[in-house]
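What follows is the residue order along each chain.
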Amino acid sequence: MKTTLICIAAEAERDAAKENLQRLCQFYPNARLWLCVLDGDIPPAHGQAADIELFCARNLLGDSFYDKAFYFSKEELRDYCGFLLCSRLNKEQGQILWVAPTATVTHCAVPQPDEIMLPADSEKPTFAMSYVLGHAHSHRPDYLLFGNGTGVANWLSWCKKKFDWLLEQHRHIVAPEYADALRQRNFCASWWDYAGLFGCKVILQPSSPRTSQASDKEAVPYRFDFFEDGVRIFPALREYYGVNYHLQEKCAGNPFAHRSLFTDEQVLLGDTTLLKVTPAMEAIRQQRMDLICGFQNQFSQNREAFVHWYLQYGAQELSLEAAYTDAVQAAVDAHEADCRARAIDRRTFTQKVEDRLRRIMKMPQKQRESALIPQAKYPAGVNLCGFIKGDFGLGESARILATILEAAKIPYTIVDFQDAKEHTYTNQAFADKISNNFIYNINIFDTNGDGQAVFLRHVAPQALQGRYNIGYWAWELPEFPENGWEEAFAPLDEVWTCSDFTSEAIRQKSPVTVTTVPHAITMQARSSKTRTDFGLPEKPFLFLVMYDVRSFSARKNPEGAVEAYLRAFPQETDDVRLLLKLNVPPDWDGEDGLLKKLLRRSDVLTISERLSKPDLNALIRCSNAYVSLHRSEGFGLGPAEAMGLGIPAVLTNWSGNTQYMREGACCPVDYQMVEIQTTHGPYKKGCHWAEPDIEDAARQMKRLVNDTDFYTNMAIAAKKVIEEEFSPVAVGSIVRKRLNTLGLLPEEKGSAEL
């Protein structure tokens, strides 16, 4: 049987690992030998060494290598690289022996397909799997031997996804969920124990006691135990790095080169307090329940106590080097000096005012006038806080706001958030505007009321003080939402919404002003793709329905659009098609009701691949009409974008989309108001939304196909409405006028023409 021997070793273990692999050849002649070095740089990327295929972990992990080398400990990274390599080699026929650098294997076992052999500890009285499961941290196998098989392949693939999830998804976890994140991480210490869940038979074999401790963690020098400047990395810092995406952004893919970001910088965005709370300090606090309970307000009331605990006790308990405390101690010294200076100046308020007035009266007239006018603490502009890279609705909303600010010539910077764990963050359109600093005098938080608290977990309280704080909210029902929305008003001076419909719902309980600032519609850089590029037929009239399956199907109602199409065109013809563009995550299993309708007709087409925004615009342009028979919308970007491209829209004549619906510019579908019978996420039973008239929608769809003049006039009118009323310049004038009225922006020459 063909055999592959692999070993994953630190650079300091490389020679021992080579010798061990060569020794094992006496038991497995003609075996293929692989040696992966975790922390070495081997030029070229791959190299032969005495019949051993030699390469670096960086070859396996690619661009994410340094992030993973920092987040995972040596043992965890060794395991990750090991099963990643095994997963690739398992595609070949034969058995694989994965052995530790100094492990002693003295027999030639032959596993059957989907059979896994690992050693039991002969110093323990039992070799039962229940013992291994119960003592995962103390029982790290010296070798794994497994045969080829579907079960093994599925198990290794699942393990890779789990390891990736720990870093790529659990990085969004923040206290108090942090404790659960750490429990999930225990998987790294026992991933081999899950093989049985995939149909693999696990066989424990008694092994000889280990005679060498050379591979023990403390005995082997390991490059990634330290920052590049030689400062040791403690375990809690690795774990905290995995859950703080702002820290990951700052490190730009190589945390080892940015020690000061962990030890010298404030952990919260916008934190200008002299007393520092660094990522290293917060990493320690979040791992200990006594500190979590004792310093619940570590960024405000308990800050001074927490800082002094860290300097006097915490650093000593963890034996931290001076690099972890120098900047914090310097900040304490500066804070105490400032306190002493302020204590010396004991003049009364009246005396200070009189002194200032005397100085002003001695100034020249022009200088005196400017001195009497209060000066703004921050320059005029907007700190736009949102999911600017998000591949979902709120991400698009943030990018639209950025486009509006640019069109209105309002200075702005972006504070990036990525707390919606179920989504991805790949859009780079405004990456160059991200500073994660609160530079200007206005904050706009582009999230809904129920998500605002998550935003503010990353923001220092002083970033809100002395600034005008605006929440940009969307909501889809006429009733005011529940679940934390009322509490979200507290830090805000004003709320903006994307439609008059949403504004009316929010005003029901809002203690602050609510203003409508609709979405601006702009077509990004055009894609030249045609129907052929999307695999679509060229001639038929094409109706387009777009649906993100992570939205609530009951609200979006894609089934209604399919049903209207089937009624409008009961017989399949070569002249008409319905296309569903589905935005689906990899683990989507489908929705039975919708899928059954799709299977009924070959003229109902689907596209589920993720498209860039330009390509999505191209797909809309390739269609002849857009259909949205939603039950409620906060605004409805899809239909508005279609209208902006001159594509007529058939849509329910109710809720936020009426903001841009004009007579003759769209096909409004009749509806009845109904009570929601079953709770769907935030849309509660007992609230109300619209039930679109499917027959009316079918009539509108048939007319678009059969009445050429009707279609042409509507396409022209739709484009005109969006270009004149919802362009970035048009909406930008609304924003600038509102901020000017509040006195937050200086008047701009020519602004009246915007």
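Residues numbered from 1 in each chain as written. Predicted model: local features only at pLDDT ≥ 70, side-chain atom pairs only at ≥ 80, totals over all residues. Heavy atoms only, no water.

Draft legend 1. Spotlight on the packing of helix α25 (residues 694-706) against helix α26 (residues 708-725). α26 packs onto α25 with a crossing angle of 100° between their chain directions and a minimal axis gap of 5 Å. As far as their axial angle goes, α26 and α25 are roughly perpendicular. Listed contacts from α26 to Arg 703, Leu 704 and Asn 706 of α25 are Thr 708, Phe 710, Tyr 711 and Met 714. Taken together, the residues of the contact of α25 with α26 sort by class into four nonpolar, two polar and one charged. (Axes fitted to C-alpha atoms, helices over the stretch in contact; angles between N-to-C directions. Helix = DSSP H or I, 4+ residues; strand = E, 2+ residues; numbered from the N terminus. Parallel < 35°, antiparallel > 145°, perpendicular 65-115°, else oblique. Contact = heavy atoms within 4.5 Å. Nonpolar A, V, L, I, M, F, W, Y, C, P; charged D, E, K, R; others polar.)

Draft legend 2. Layout of the sheet that holds strand β16 (residues 576-583). Pairing within the open sheet is parallel, and its six strands lie in the order β17-β16-β15-β18-β19-β20. Edge positions in the sheet fall to β17 (604-607) and β20 (667-669), since each of these pairs with one other strand and no more. Ignoring which end each strand starts from, the neighbouring axes of this sheet average 25° apart. When strand β18 (residues 625-628) meets strand β19 (residues 649-652), the two strands line up parallel, connected through three bridges. Considered in β19, the bridge of Ser 628 is made with Leu 651. This element, helix α23 (residues 613-622), spans β15 (541-548), β16 and β17 of the sheet and lies at about 145° to β15. Running over the sheet, α25 touches β15, β16, β18, β19 and β20 and is turned about 165° from β20. (Pairing = 2+ DSSP bridges.)

Draft legend 3. Structural view of the sheet that holds strand β9 (residues 382-386). Pairing in this open sheet of six strands is parallel, and the strands run β10-β9-β11-β12-β13-β14 from one edge to the other. This sheet does not close on itself; its edge strands, each paired only once, are β10 (412-416) and β14 (513-516). Taken pair by pair, the neighbouring strands of this sheet meet at an average axis angle of 25°, ignoring direction. Sheet topology note: the β9/strand β11 (residues 442-445) ladder contains four bridges and is parallel. Bridge assignment links Cys 385 to a residue of β11, and that residue is Phe 445. The sheet strands contacting helix α19 (residues 500-507) are β12 (468-473), β13 (494-497) and β14, and the helix crosses β14 at an angle near 170°. Packed onto the sheet, helix α27 (residues 728-741) meets β9, β11, β12, β13 and β14 and runs at close to 170° relative to β13.

So far we have only geometry, and geometry alone does not tell us how the molecule works.
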